[in-house]
Amino acid sequence: MLLPRLKNDRIPELKLNKLQREMADQISRKVDAGTYQFEEILCPICDSGQKELIGQKDRYGLFFATNICAYCGLVYTSPRMTKESYHHFYNSEYRKLYVAKKTAVQSFFESQKRKGQRIYDFLNKHQLLSDAPLFVFEVGCGAGGILEFFREKGHAVKGIDLGEKYIAYGKRTFGLNPDVGVLSNCKMDKKPDVIIYSHVLEHILDLNDELQTIKENITEHTLIYIEVPGVKEIHKNYESNILRYFQNAHTFHFSLETLANLFAKNGFELIHGNQFVQAVFKYNKNTVIIQSDYSKTKEYILSIEEKKGSYSFTLMRIRKKATKLLLFVLDKTKTRGVVKSIKRWLT
(Lines give C-alpha, C1' and ligand atoms only; values in the text may rest on other atoms or scores of the structure.)
Protein backbone atom coordinates (compact mmCIF):
# COMPACT_ATOMS: atom_id res chain seq x y z
CA MET A 1 0.00 0.00 0.00
CA LEU A 2 1.41 3.37 -1.04
CA LEU A 3 0.06 5.16 2.07
CA PRO A 4 -0.06 2.78 5.09
CA ARG A 5 -1.89 5.46 7.11
CA LEU A 6 -4.95 4.78 4.93
CA LYS A 7 -5.46 1.22 6.15
CA ASN A 8 -9.06 0.06 6.59
CA ASP A 9 -9.38 0.67 10.35
CA ARG A 10 -12.80 2.41 10.13
CA ILE A 11 -11.54 5.47 12.01
CA PRO A 12 -12.92 8.67 10.41
CA GLU A 13 -10.60 11.56 9.64
CA LEU A 14 -13.38 14.13 9.93
CA LYS A 15 -15.40 15.07 12.98
CA LEU A 16 -18.86 13.67 12.21
CA ASN A 17 -22.15 14.87 13.60
CA LYS A 18 -24.75 12.42 14.91
CA LEU A 19 -26.49 11.99 11.56
CA GLN A 20 -23.21 11.39 9.75
CA ARG A 21 -22.12 8.78 12.31
CA GLU A 22 -25.44 6.99 11.90
CA MET A 23 -25.04 6.96 8.12
CA ALA A 24 -21.42 5.78 8.26
CA ASP A 25 -22.38 2.93 10.62
CA GLN A 26 -25.32 2.02 8.42
CA ILE A 27 -23.13 1.88 5.30
CA SER A 28 -20.49 -0.26 7.06
CA ARG A 29 -23.15 -2.71 8.22
CA LYS A 30 -24.40 -3.08 4.66
CA VAL A 31 -20.86 -3.65 3.40
CA ASP A 32 -20.23 -6.30 6.07
CA ALA A 33 -23.55 -8.03 5.36
CA GLY A 34 -22.92 -8.09 1.61
CA THR A 35 -25.91 -5.84 0.93
CA TYR A 36 -23.53 -3.50 -0.85
CA GLN A 37 -21.71 -5.46 -3.54
CA PHE A 38 -18.31 -4.49 -5.00
CA GLU A 39 -16.64 -5.00 -8.37
CA GLU A 40 -13.15 -4.66 -9.84
CA ILE A 41 -12.74 -2.33 -12.81
CA LEU A 42 -10.05 -1.47 -15.36
CA CYS A 43 -8.71 2.02 -15.92
CA PRO A 44 -11.26 3.76 -18.20
CA ILE A 45 -8.55 5.73 -20.00
CA CYS A 46 -6.01 3.06 -20.98
CA ASP A 47 -8.01 -0.12 -20.17
CA SER A 48 -5.16 -1.37 -18.00
CA GLY A 49 -5.54 -3.47 -14.88
CA GLN A 50 -2.04 -2.65 -13.68
CA LYS A 51 -2.35 -0.41 -10.65
CA GLU A 52 -0.81 0.48 -7.29
CA LEU A 53 -2.98 0.51 -4.19
CA ILE A 54 -2.93 3.92 -2.46
CA GLY A 55 -5.22 3.28 0.50
CA GLN A 56 -8.26 1.40 1.78
CA LYS A 57 -10.46 3.93 3.57
CA ASP A 58 -12.05 7.34 3.04
CA ARG A 59 -12.46 10.39 5.27
CA TYR A 60 -15.56 8.91 6.96
CA GLY A 61 -13.72 5.70 7.90
CA LEU A 62 -15.53 3.70 5.22
CA PHE A 63 -13.96 0.98 3.08
CA PHE A 64 -12.55 2.71 0.02
CA ALA A 65 -9.85 1.13 -2.17
CA THR A 66 -8.07 3.81 -4.20
CA ASN A 67 -5.42 3.06 -6.80
CA ILE A 68 -3.19 4.81 -9.28
CA CYS A 69 -3.03 3.40 -12.81
CA ALA A 70 0.54 2.31 -13.49
CA TYR A 71 0.27 3.41 -17.13
CA CYS A 72 -1.67 6.67 -17.43
CA GLY A 73 -1.70 7.82 -13.79
CA LEU A 74 -5.46 8.07 -13.27
CA VAL A 75 -6.42 7.66 -9.61
CA TYR A 76 -9.54 5.53 -9.31
CA THR A 77 -11.52 3.33 -6.94
CA SER A 78 -11.42 -0.45 -7.40
CA PRO A 79 -13.05 -2.53 -6.13
CA ARG A 80 -16.01 -0.16 -5.99
CA MET A 81 -19.71 -0.58 -5.34
CA THR A 82 -21.77 -1.98 -8.19
CA LYS A 83 -24.29 0.18 -10.02
CA GLU A 84 -27.17 -1.26 -8.01
CA SER A 85 -25.37 -0.71 -4.70
CA TYR A 86 -24.44 2.87 -5.59
CA HIS A 87 -28.03 3.57 -6.57
CA HIS A 88 -29.22 2.35 -3.18
CA PHE A 89 -26.47 4.32 -1.41
CA TYR A 90 -27.42 7.57 -3.16
CA ASN A 91 -31.07 7.12 -2.29
CA SER A 92 -30.49 6.07 1.31
CA GLU A 93 -27.36 7.68 2.76
CA TYR A 94 -25.46 9.93 0.36
CA ARG A 95 -26.92 13.40 1.04
CA LYS A 96 -27.26 12.80 4.77
CA LEU A 97 -23.62 11.72 4.98
CA TYR A 98 -22.15 14.47 2.83
CA VAL A 99 -24.38 17.46 3.54
CA ALA A 100 -24.98 16.36 7.16
CA LYS A 101 -28.64 17.33 6.79
CA LYS A 102 -31.72 15.33 5.85
CA THR A 103 -32.82 17.46 2.89
CA ALA A 104 -32.04 20.58 0.88
CA VAL A 105 -32.02 23.90 2.72
CA GLN A 106 -31.63 27.52 1.73
CA SER A 107 -27.93 27.56 2.63
CA PHE A 108 -27.26 24.60 0.30
CA PHE A 109 -29.05 26.32 -2.57
CA GLU A 110 -27.09 29.51 -1.95
CA SER A 111 -23.81 27.56 -1.99
CA GLN A 112 -24.84 26.21 -5.39
CA LYS A 113 -25.49 29.74 -6.60
CA ARG A 114 -21.99 30.73 -5.54
CA LYS A 115 -20.66 27.84 -7.61
CA GLY A 116 -22.76 29.14 -10.48
CA GLN A 117 -21.07 32.51 -10.21
CA ARG A 118 -17.64 30.86 -10.16
CA ILE A 119 -18.47 28.88 -13.30
CA TYR A 120 -19.90 31.94 -15.01
CA ASP A 121 -16.80 33.99 -14.14
CA PHE A 122 -14.49 31.25 -15.44
CA LEU A 123 -16.30 31.06 -18.78
CA ASN A 124 -16.50 34.83 -19.03
CA LYS A 125 -12.80 35.26 -18.18
CA HIS A 126 -11.90 33.07 -21.15
CA GLN A 127 -14.40 34.86 -23.41
CA LEU A 128 -16.55 31.77 -23.90
CA LEU A 129 -19.91 33.44 -23.22
CA SER A 130 -21.69 35.36 -25.96
CA ASP A 131 -23.87 38.43 -25.50
CA ALA A 132 -26.87 36.51 -26.83
CA PRO A 133 -28.87 34.28 -24.44
CA LEU A 134 -27.54 30.73 -24.29
CA PHE A 135 -29.16 27.40 -23.52
CA VAL A 136 -27.35 26.05 -20.45
CA PHE A 137 -27.91 22.43 -19.45
CA GLU A 138 -26.63 20.92 -16.20
CA VAL A 139 -26.18 17.24 -15.41
CA GLY A 140 -26.46 16.59 -11.66
CA CYS A 141 -28.02 19.96 -10.89
CA GLY A 142 -29.13 19.16 -7.32
CA ALA A 143 -31.56 21.83 -6.16
CA GLY A 144 -30.64 24.03 -9.14
CA GLY A 145 -28.60 26.84 -7.61
CA ILE A 146 -26.04 26.90 -10.44
CA LEU A 147 -28.81 27.10 -13.02
CA GLU A 148 -30.51 29.87 -11.07
CA PHE A 149 -27.40 32.05 -11.36
CA PHE A 150 -27.29 31.57 -15.13
CA ARG A 151 -31.03 32.21 -15.37
CA GLU A 152 -30.57 35.51 -13.54
CA LYS A 153 -27.98 36.41 -16.18
CA GLY A 154 -30.63 35.98 -18.88
CA HIS A 155 -29.87 32.48 -20.12
CA ALA A 156 -32.33 29.63 -20.70
CA VAL A 157 -31.64 26.74 -18.34
CA LYS A 158 -32.53 23.09 -17.86
CA GLY A 159 -31.16 20.42 -15.54
CA ILE A 160 -31.40 16.80 -14.44
CA ASP A 161 -30.52 15.00 -11.21
CA LEU A 162 -31.26 11.69 -9.50
CA GLY A 163 -32.15 13.31 -6.16
CA GLU A 164 -35.93 13.60 -6.19
CA LYS A 165 -36.13 15.64 -2.97
CA TYR A 166 -33.59 18.18 -4.22
CA ILE A 167 -35.36 18.46 -7.57
CA ALA A 168 -38.65 19.04 -5.80
CA TYR A 169 -37.08 21.71 -3.59
CA GLY A 170 -35.78 23.63 -6.60
CA LYS A 171 -39.14 23.46 -8.36
CA ARG A 172 -41.21 24.36 -5.32
CA THR A 173 -39.07 27.14 -3.90
CA PHE A 174 -37.51 28.76 -6.97
CA GLY A 175 -39.71 27.76 -9.89
CA LEU A 176 -36.93 25.93 -11.71
CA ASN A 177 -37.72 23.13 -14.15
CA PRO A 178 -35.21 20.30 -13.55
CA ASP A 179 -36.15 16.66 -14.14
CA VAL A 180 -35.26 13.44 -12.39
CA GLY A 181 -33.02 11.34 -14.61
CA VAL A 182 -29.70 10.97 -16.42
CA LEU A 183 -28.47 12.33 -19.73
CA SER A 184 -29.06 9.10 -21.64
CA ASN A 185 -32.84 9.22 -21.06
CA CYS A 186 -33.30 12.99 -21.19
CA LYS A 187 -35.20 14.56 -24.10
CA MET A 188 -34.28 18.12 -25.07
CA ASP A 189 -36.08 20.35 -27.57
CA LYS A 190 -32.72 21.70 -28.76
CA LYS A 191 -29.07 20.98 -28.18
CA PRO A 192 -27.40 23.09 -25.48
CA ASP A 193 -24.77 25.76 -25.97
CA VAL A 194 -23.18 24.84 -22.64
CA ILE A 195 -23.30 21.57 -20.67
CA ILE A 196 -22.22 21.72 -17.03
CA TYR A 197 -20.92 18.83 -14.94
CA SER A 198 -20.06 20.40 -11.59
CA HIS A 199 -18.71 17.81 -9.13
CA VAL A 200 -20.58 15.08 -10.99
CA LEU A 201 -18.15 13.32 -13.34
CA GLU A 202 -16.23 11.78 -10.43
CA HIS A 203 -19.45 9.97 -9.45
CA ILE A 204 -20.23 8.44 -12.86
CA LEU A 205 -19.40 4.75 -13.18
CA ASP A 206 -19.05 4.40 -16.97
CA LEU A 207 -17.15 7.49 -18.07
CA ASN A 208 -16.66 6.53 -21.70
CA ASP A 209 -20.33 5.74 -22.12
CA GLU A 210 -21.23 9.12 -20.60
CA LEU A 211 -18.92 10.96 -22.97
CA GLN A 212 -20.41 9.14 -25.93
CA THR A 213 -23.88 10.19 -24.72
CA ILE A 214 -22.63 13.79 -24.48
CA LYS A 215 -21.59 13.60 -28.15
CA GLU A 216 -25.12 12.58 -29.11
CA ASN A 217 -26.57 15.66 -27.41
CA ILE A 218 -24.30 18.48 -28.59
CA THR A 219 -23.28 20.46 -31.64
CA GLU A 220 -19.70 21.12 -32.71
CA HIS A 221 -19.95 24.49 -30.94
CA THR A 222 -21.23 23.20 -27.57
CA LEU A 223 -18.96 23.87 -24.61
CA ILE A 224 -18.63 21.12 -22.00
CA TYR A 225 -17.70 22.56 -18.62
CA ILE A 226 -16.26 20.05 -16.15
CA GLU A 227 -15.48 20.75 -12.52
CA VAL A 228 -14.08 18.02 -10.28
CA PRO A 229 -11.97 18.00 -7.09
CA GLY A 230 -8.39 18.16 -8.36
CA VAL A 231 -6.12 15.46 -6.99
CA LYS A 232 -3.14 17.82 -7.38
CA GLU A 233 -4.79 20.62 -5.38
CA ILE A 234 -4.96 18.76 -2.05
CA HIS A 235 -2.30 21.04 -0.56
CA LYS A 236 -4.58 24.05 -1.15
CA ASN A 237 -8.00 22.74 -0.23
CA TYR A 238 -7.60 19.76 2.12
CA GLU A 239 -4.88 20.83 4.57
CA SER A 240 -2.31 18.75 2.65
CA ASN A 241 -4.22 15.68 3.86
CA ILE A 242 -5.23 13.22 1.17
CA LEU A 243 -7.54 11.46 3.61
CA ARG A 244 -9.67 14.59 3.79
CA TYR A 245 -9.90 14.44 -0.01
CA PHE A 246 -10.94 10.80 -0.49
CA GLN A 247 -14.67 10.10 -0.10
CA ASN A 248 -16.52 6.93 -0.97
CA ALA A 249 -18.97 8.49 -3.44
CA HIS A 250 -16.10 9.48 -5.75
CA THR A 251 -15.03 6.68 -8.06
CA PHE A 252 -12.46 8.75 -10.01
CA HIS A 253 -9.94 11.35 -8.87
CA PHE A 254 -8.67 13.55 -11.69
CA SER A 255 -5.76 15.82 -12.36
CA LEU A 256 -6.19 18.19 -15.29
CA GLU A 257 -3.94 15.88 -17.31
CA THR A 258 -5.90 12.67 -16.67
CA LEU A 259 -9.21 14.47 -17.30
CA ALA A 260 -7.84 15.77 -20.62
CA ASN A 261 -6.67 12.22 -21.45
CA LEU A 262 -10.16 10.84 -20.85
CA PHE A 263 -11.75 13.46 -23.08
CA ALA A 264 -9.07 13.11 -25.76
CA LYS A 265 -9.75 9.38 -25.92
CA ASN A 266 -13.39 10.20 -26.69
CA GLY A 267 -12.72 12.89 -29.28
CA PHE A 268 -12.71 16.13 -27.27
CA GLU A 269 -10.05 18.81 -27.01
CA LEU A 270 -9.23 20.89 -23.96
CA ILE A 271 -9.95 24.60 -24.48
CA HIS A 272 -9.04 25.93 -21.03
CA GLY A 273 -8.32 24.27 -17.70
CA ASN A 274 -6.54 24.35 -14.35
CA GLN A 275 -5.66 21.94 -11.56
CA PHE A 276 -8.60 23.03 -9.37
CA VAL A 277 -10.02 21.25 -11.68
CA GLN A 278 -12.07 23.57 -13.90
CA ALA A 279 -11.95 22.65 -17.58
CA VAL A 280 -13.81 23.38 -20.82
CA PHE A 281 -13.85 20.98 -23.76
CA LYS A 282 -15.20 20.97 -27.30
CA TYR A 283 -15.72 18.09 -29.69
CA ASN A 284 -12.76 17.44 -31.99
CA LYS A 285 -12.63 13.97 -33.49
CA ASN A 286 -8.93 14.36 -34.33
CA THR A 287 -7.85 14.80 -30.70
CA VAL A 288 -6.30 11.49 -29.62
CA ILE A 289 -3.02 12.42 -27.90
CA ILE A 290 -2.76 10.79 -24.47
CA GLN A 291 0.23 11.35 -22.19
CA SER A 292 0.93 9.48 -18.96
CA ASP A 293 0.59 11.41 -15.71
CA TYR A 294 1.68 8.48 -13.54
CA SER A 295 5.06 9.74 -12.34
CA LYS A 296 3.92 13.27 -11.55
CA THR A 297 0.73 12.17 -9.78
CA LYS A 298 2.54 9.57 -7.67
CA GLU A 299 5.28 12.06 -6.80
CA TYR A 300 2.66 14.60 -5.76
CA ILE A 301 0.75 12.11 -3.57
CA LEU A 302 3.93 11.08 -1.76
CA SER A 303 5.02 14.68 -1.29
CA ILE A 304 1.77 15.84 0.30
CA GLU A 305 1.77 12.82 2.60
CA GLU A 306 5.01 14.18 4.02
CA LYS A 307 3.25 17.51 4.67
CA LYS A 308 0.00 16.14 6.08
CA GLY A 309 -1.43 18.16 8.94
CA SER A 310 0.58 21.24 8.02
CA TYR A 311 -1.59 24.26 7.26
CA SER A 312 -0.76 26.36 4.23
CA PHE A 313 -2.22 29.69 5.27
CA THR A 314 -3.17 30.89 1.82
CA LEU A 315 -5.61 33.70 1.18
CA MET A 316 -8.17 31.06 0.17
CA ARG A 317 -7.83 29.26 3.51
CA ILE A 318 -8.04 32.50 5.51
CA ARG A 319 -11.13 33.55 3.56
CA LYS A 320 -12.83 30.19 4.13
CA LYS A 321 -12.14 30.28 7.87
CA ALA A 322 -13.33 33.90 8.13
CA THR A 323 -16.51 33.12 6.18
CA LYS A 324 -17.36 30.18 8.43
CA LEU A 325 -16.80 32.29 11.53
CA LEU A 326 -18.94 35.13 10.16
CA LEU A 327 -21.81 32.79 9.23
CA PHE A 328 -21.63 31.20 12.68
CA VAL A 329 -21.87 34.60 14.37
CA LEU A 330 -24.74 35.70 12.11
CA ASP A 331 -26.66 32.50 12.84
CA LYS A 332 -26.13 32.76 16.59
CA THR A 333 -27.17 36.40 16.67
CA LYS A 334 -30.06 35.76 14.25
CA THR A 335 -28.87 38.56 11.96
CA ARG A 336 -28.06 36.48 8.89
CA GLY A 337 -31.40 37.26 7.26
CA VAL A 338 -30.99 40.97 7.95
CA VAL A 339 -27.57 41.01 6.27
CA LYS A 340 -28.99 39.24 3.20
CA SER A 341 -31.83 41.76 2.99
CA ILE A 342 -29.37 44.68 3.12
CA LYS A 343 -27.22 43.03 0.44
CA ARG A 344 -30.24 42.55 -1.87
CA TRP A 345 -31.28 46.16 -1.29
CA LEU A 346 -27.81 47.49 -2.12
CA THR A 347 -27.60 45.45 -5.32
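Structural data are supplied above this passage.
Note that the structure is a prediction, hence the values are computed from the model and not measured. (Residues numbered from 1 in each chain as written. Predicted model: local features only at pLDDT ≥ 70, side-chain atom pairs only at ≥ 80, totals over all residues. Heavy atoms only, no water.)

Moving on to empty space enclosed by the protein. Scanning the model with the defined rule gives 1 cavity of 30 Å³ or more in all. Its boundaries defined by the atoms lining it, the largest cavity holds a volume of some 90 Å³. Around the largest cavity sit 13 residues that line it, and Phe 38, Phe 63, Phe 64, Met 81 and Asn 248 are the ones nearest its centre. Sort the elements by how many residues they give to the lining of the largest cavity and strand E3 (residues 63-69) lands first, with 3 residues. Grouping the constituent residues of the lining of the largest cavity by class yields 10 nonpolar, 2 polar and 1 charged. (1 Å grid on protein atoms, 1.4 Å probe; cavity = no way out; pocket = protein on both sides within 12 Å on 5 of 7 lines; lining within 4 Å. Points joined across faces, edges and corners; volume = space filled by probe spheres on them. Helix = DSSP H or I, 4+ residues; strand = E, 2+ residues; numbered from the N terminus. Nonpolar A, V, L, I, M, F, W, Y, C, P; charged D, E, K, R; others polar.)

What follows deals with the nonpolar core. Counting 37 residues, the largest nonpolar core has Tyr 197 and Leu 201 as the members making the most contacts within it. When residues of this core are traced back to their parent elements, those giving at least two are strand E6 (135-139), strand E9 (194-198), helix H6 (207-216), strand E10 (223-227), helix H9 (256-265) and strand E13 (278-283). With 5 residues, H9 is the single largest residue contributor to this core. For Tyr 197, the residues in contact, after removing those within four places along its chain, are Val 139, Leu 183, Ile 204, Glu 210, Ile 214, Tyr 225, Ile 226 and Glu 227. Core analysis: the next-biggest nonpolar cluster, separate from the first, contains 20 residues, Phe 122, Leu 128, Leu 129 and Val 280 among them. (Core = buried A, V, L, I, M, F, W, Y, C linked by side-chain atoms within 4.5 Å. Buried < 20%, exposed > 50% of the residue type's maximum accessible area, 1.4 Å probe, protein only. Contact = heavy atoms within 4.5 Å.)

A word on the pattern of salt bridges. When their charged atoms lie close together, side chains carrying opposite charge are able to pair. Applying the stated criterion to the full structure yields 16 salt bridges. The partner of Glu 227 in a salt bridge is Arg 118, and the shortest N-O contact between them spans 2.3 Å. Placement of Glu 227 in strand E10 and of Arg 118 in helix H3 (residues 106-125) is noted, with a sequence separation of 109 residues between them. Residue class for Glu 227 comes out buried when judged on its relative accessible area of 0%. (Salt bridge = Lys/Arg side-chain N within 4 Å of Asp/Glu carboxyl O.)

A few words on the environment of Leu 16. With respect to the helices, strands and loops of the structure, Leu 16 is situated in the segment before helix H1 (18-33). When its relative accessible area of 11% is taken as the criterion, Leu 16 is described as buried. Aside from chain neighbours lying at most four places away, what touches Leu 16 is Arg 21, Ala 24 and Tyr 60.

So, about the sheet that holds E9. Taken together, the 7 strands give an open sheet; going across it, the order is E8-E7-E6-E9-E10-E13-E12, and neighbouring strands pair in mixed fashion. Each edge of the open sheet carries a strand with a single partner, namely strand E8 (179-180) and strand E12 (268-273). Two strands pair when backbone bridges link them, and E12 and E13 are joined in this way by 5 bridges, in the antiparallel orientation. Paired with Phe 268 across the bridge in E13 is Tyr 283. (Pairing = 2+ DSSP bridges.)

At Glu 93, helix H2 (residues 83-99) shows its largest kink, close to 60 degrees. Residues of H2 that are buried include every one of Ser 85, Tyr 86, Phe 89, Glu 93, Tyr 94, Leu 97 and Tyr 98, and no others. Where H2 is buried, its residues contact H1 and strand E5 (80-81). At the exit of H2 stands Ala 100, carrying a positive phi of roughly 65 degrees. (Bend = angle between axes of the 7 residues up to and from the residue.)

With that settled, consider the pairing of E10. Remember that side chains alternate between the two faces of the sheet whenever the strand is regular. For E10, the tally of buried residues reaches 5 of 5 residues, placing the bulk of the element in the interior. A two-sided burial pattern is seen for E10, the buried positions comprising Leu 223, Tyr 225 and Glu 227 on one face and Ile 224 and Ile 226 on the other. Here E9 runs beside E10; their pairing, made up of 5 bridges, is parallel. Directly across from Ile 196, in E10, lies its bridge partner Tyr 225. Taken together, E9, H6 and E10 constitute a β-α-β crossover, and its handedness is right-handed. Taken together, the 4 bridges between E10 and E13 define a ladder with antiparallel strand orientation. Residue pairing for E13: Ile 226 is matched across the bridge by Ala 279. (Right-handed = clockwise from strand over helix to strand, strands pointing away.)

Sheet analysis places strand E2 (residues 51-57) next to E3, joined by 5 bridges and oriented antiparallel. The residue of E3 that forms the bridge with Gly 55 is Thr 66. Hairpin remark: E2 followed by E3, antiparallel, with 5 residues in the connecting loop; positive phi at Gly 61, about 80 degrees.

As a further point, take the packing of aromatic side chains. Considering all chains together, one arrives at 22 aromatic pairs under this definition. For the ring pair Phe 109 and Phe 174, a centre distance of 3.6 Å and an interplane angle of 5 degrees mean the geometry is stacked. You can see Phe 109 sitting in helix H3 and its partner Phe 174 sitting in helix H5 (residues 164-174), a full 65 residues away along the chain. Residue class for Phe 174 comes out partly exposed when judged on its relative accessible area of 22%. Consider the rings of Phe 263 and Phe 281, whose centres lie 4.0 Å apart with planes at 10 degrees: the pair is stacked. Separated by 18 residues along the polypeptide, Phe 263 in helix H9 and Phe 281 in strand E13 bring together distant segments of the chain. Neither residue differs from the other here; Phe 263 and Phe 281 are each classed as buried. A network of ring pairs unites the aromatic residues Tyr 60, Tyr 86, Phe 89, Tyr 90, Tyr 94 and Tyr 98 as a single cluster. In this structure, Arg 95 packs its charged tip against the face of Tyr 166, placed 4.4 Å from the ring centre. (Phe/Tyr/Trp six-rings, centres within 6.5 Å; stacked < 30°, edge-to-face > 60°. Lys NZ or Arg CZ within 6 Å of the ring centre and 35° of its normal.)

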